[in-house]
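# Secondary and tertiary structure notes
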Amino acid sequence: MRRKLSVCVVTYNEERNIERCLRSVSWADEIVVVDSFSQDRTVEIALKYTDRVYRHPWGGYGAQKNLALGYVGYDWVLALDADEEVSEELGRSIREVLEGKDDCDGYEVARRSFYLGRWIGHGGWYPDYQLRLFRKGKGKWREVELHERVVVEGEVGRLKGDLYHYPYQDLSEHIRKMDRYSTIASREMARRGIKVRGWDLLVRPLFRAFKSYVLKAGFLDGVPGLVIALSGAAYAWAKYSKLWELQNGLKGSTRGHGPDVAGRGSPGALVDRGTP
């Protein structure tokens, strides 16, 4: 007997991405969308694919995604971000799991990003394994500010096929996200008691660029591969510089982080509700 699948997506102002995402899983038994009061056409578009659309104030990535899990009705869950798309090959692999051809409690998938006009295959950006398919009772999201991930109790396997990712519309969006994420990362490092030294501001960015472009073969991705290496260096520099700022009690490093980072999705029939 084929097992049934629930797909859950969290959204905020994702009209640019949400239709592509939901269309790629229109074959699923259930789609749940939890929206953080988008101000664009996100909800209108989502309602074309499901009537299971809920609205909730933003509570952070991990918390919001766990909230979405509370709405799903089936034992198998596929958790997606709004800027992701299930490839045909990955869709077939998922359906094989639902047909009982494997018996793990969770599955990682290879995520491939489309950046600056091409699919990226190197530089540390691919395969970028993400655990996204899991049994409902076995998995949950780690509720952290940054880099939230699914944690599964049990055996984890890997599926064939890519999860397509469209992280940035252009370089300006990439730079804005790096600024926000480096702020969050520096705050988390400060909370953990990590100390920054002067050489961190020089050596870590240089090594980050070298690792991405040379050790991870980013040069094979052409100019986009070079941009990825240099932007990774800029992110490392910003993260450690902001940590230094915090350590020295300087202002300007405490900006909050809400759901305004496009492309990450957020969780919300279309009625404002409390917890599921």
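Residues numbered from 1 in each chain as written. Predicted model: local features only at pLDDT ≥ 70, side-chain atom pairs only at ≥ 80, totals over all residues. Heavy atoms only, no water.

For helix α5 (residues 171–191), spanning 21 residues, the distance from its first C-alpha to its last is 30 Å, which sits close to the expected 30 Å at 1.5 Å a residue. Packing partners of the buried residues in α5 comprise α3 (61–69), β6 (106–115) and α7 (222–247). Two to three positions downstream of the cap, the backbone nitrogen of Ser 172 sits 3.2 Å from a side-chain oxygen, assigning the N-cap of α5 to Asp 170. Positive backbone phi, at 80°, marks Gly 193, one or two positions downstream of α5. (Helix = DSSP H or I, 4+ residues; strand = E, 2+ residues; numbered from the N terminus. Expected span 1.5 Å × (residues − 1). Contact = heavy atoms within 4.5 Å. Polar contact = N/O pair within 3.5 Å; in protein donor to acceptor, adjacent residues only side chain to side chain.)

To continue, consider the pattern of salt bridges. Counted according to the given criterion, the structure contains 22 salt bridges. Glu 84 is the salt-bridge partner of Arg 132, the closest N and O atoms lying 2.5 Å from each other. Separated by 48 residues along the polypeptide, Arg 132 in strand β8 (residues 129–135) and Glu 84 in strand β5 (residues 84–86) bring together distant segments of the chain. Across this residue pair, the class does not change: Arg 132 and Glu 84 are buried. The shortest N-O distance in the salt bridge between Glu 173 and Lys 177 comes to 3.8 Å. (Salt bridge = Lys/Arg side-chain N within 4 Å of Asp/Glu carboxyl O. Buried < 20%, exposed > 50% of the residue type's maximum accessible area, 1.4 Å probe, protein only.)

Here Tyr 126 and Pro 127 are connected by a cis peptide whose omega angle stands at 15°. By the element assignment, Pro 127 lies in the loop between β7 (118–119) and β8. With a phi angle near 50°, Asn 13 is a residue other than glycine that sits in the positive phi range. Structurally, Asn 13 is set in the loop between β1 (5–11) and α1 (18–23). A relative accessible area of 27% places Asn 13 in the partly exposed class. In this structure, Ala 217 takes a positive phi of about 60° despite not being glycine.

We now examine the environment of Thr 11. Structurally, Thr 11 can be placed in strand β1. Looking at Thr 11, its side chain comes within polar contact range of the side chain of Asp 35, at 2.7 Å.

Interhelical geometry of helix α6 (residues 200–215) versus α7 gives an angle of 155° and a closest axis separation of 8 Å. With respect to α7, the element α6 is oriented roughly antiparallel. Pair α6 / α7 crosses with right-handed handedness. Residue-level inspection shows Asp 200, Leu 201, Arg 204, Pro 205, Arg 208, Ala 209, Ser 212 and Tyr 213 of α6 in contact with α7, the latter providing Gly 225, Leu 226, Ile 228, Ala 229, Gly 232, Ala 233, Tyr 235, Ala 236, Trp 237, Tyr 240 and Ser 241. (Axes fitted to C-alpha atoms, helices over the stretch in contact; angles between N-to-C directions. Parallel < 35°, antiparallel > 145°, perpendicular 65-115°, else oblique. Left-handed = near helix turned anticlockwise from the far one by under 90°.)

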